[in-house]
Amino acid sequence: MSFAKLIGNERNKTILQRMLTNGRIAGTLIFAGPDGVGKRQFALTVAKAANCQKASENSFETDSCDECAVCRRIDEGTYGDVTTIRPDGQFIKIAQTRELVEEAYYRPREGRQRFFIIDEADRLRDEAANSLLKTLEEPPPTSTLILLTSRPNSLLQTIRSRAQRINFAPLPVAEMERFLAENYPRPAADTALLARVTEGRIGQATAFDLSVYRQERRTLLELLELLAKGQDRFRLLKAAEYIGKKERDEFEKELDLFMSLLRDVFLLAGGSEQSQIVNVDVADRLQQLAGKIGLSRVTVWSEKIGDVRKSLRININRQIATESALLAMAEVR
């Protein structure tokens, strides 16, 4: 995708295209921002513009054509001068960074500029990160390193101090809805929900499965309605068993979805318009829940779920923690 087709983060486009115009791309860049906001696509677009075949031999273009063999191969991941490094298991390891450092000092194989894109750079092991420092401090003129991260403060300070940081932000909901409606047509209700659930993150929206989301949400809405009616210990324990037996990543997603529903109920109980909530397609159902639960109860419930989320750091028994939280929530009046 070219700069002309990228949506959002206009200031970042200007910064990167100015580098291309001046013929000097920074040796090390940090693209920081939430997952799914377009950091990886921006990195690939810079690489394409720097190597696009429509440029003259000794210059960069300010945008890619998206049509030449080079642009197509970069998109396909088969171009020899654009390399992406990803975690090998849980971390990026020193063997990977040593290979990167060695490669960085070779001249481009095919184009004008080599690019090394380090995905999830916050997963660099300390020894792997330290092995990059000399290269980051004195980068070869024909190589650029781009570190992508959603947690920039997790990078070593010695890395952050050697790189130019560019921050990426999600799209406003209205802009996201327009983009989805124009490029990924679907029913208006689905577009509105998708824009809100993914919080303006294009990368997540294009791969998000609304059917799975709605299925999980249906279960949690039923749980909220059960809690609103009063204590039914047997059914609450069954719900805790269902949620608590999920793998940790799925368990965290379940808690996040529950918190999203609770935030919507809180907003509606406080008098906000239905258009202000995330789950707009079930606004009437949530409005009814808001009337039954009220502000004070939903506030306490949110704290209980938040406590379970925080306790994951000490590797709690997820099912027992969920049981305890739900039973305590049912007692709140």
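Source: prediction; values computed, not measured.

Cut-offs used in this document
- Residues numbered from 1 in each chain as written.
- Predicted model: local features only at pLDDT ≥ 70, side-chain atom pairs only at ≥ 80, totals over all residues.
- Heavy atoms only, no water.
- Salt bridge = Lys/Arg side-chain N within 4 Å of Asp/Glu carboxyl O.
- Helix = DSSP H or I, 4+ residues; strand = E, 2+ residues; numbered from the N terminus.
- Buried < 20%, exposed > 50% of the residue type's maximum accessible area, 1.4 Å probe, protein only.
- Pairing = 2+ DSSP bridges.
- Axes fitted to C-alpha atoms, helices over the stretch in contact; angles between N-to-C directions.
- Contact = heavy atoms within 4.5 Å.

Caption draft 1: How the structure looks around the pattern of salt bridges. Counted by the stated rule, this structure contains 28 salt bridges. The partner of E103 in a salt bridge is R114, and the shortest N-O contact between them spans 3.0 Å. Here E103 is found in helix α4 (residues 94-104), whereas its partner R114 is found in strand β3 (residues 114-118), with 11 residues between them in sequence. For the salt bridge of E216 with K246, the shortest nitrogen-to-oxygen distance reads 3.8 Å. Placement of the pair is E216 in helix α11 (residues 210-229) and K246 in the loop between α12 (233-244) and α13 (248-269), with a sequence separation of 30 residues. As far as the burial class goes, E216 and K246 line up, both buried. Connected through salt bridges with shared partners, the residues K5, K48, D66 and D75 form a single ionic network.

Caption draft 2: Local environment of the sheet that holds strand β2 (residues 82-85). Overall, parallel pairing links the 5 strands, which are arranged β2-β3-β4-β1-β5 in an open sheet. The sheet terminates laterally at β2 and β5 (164-167), the two strands that pair on one side only. Pairwise comparison of adjacent strand axes, ignoring direction, gives a mean angle of 20° for this sheet. Direction of pairing for β2 relative to β3: parallel, over a ladder of 4 bridges. In the strand pairing of β3, I85 is matched with I118. Helix-sheet contacts for helix α1 (residues 10-22) involve β1 (28-32) and β5, and the interaxial angle to β5 is about 145°.

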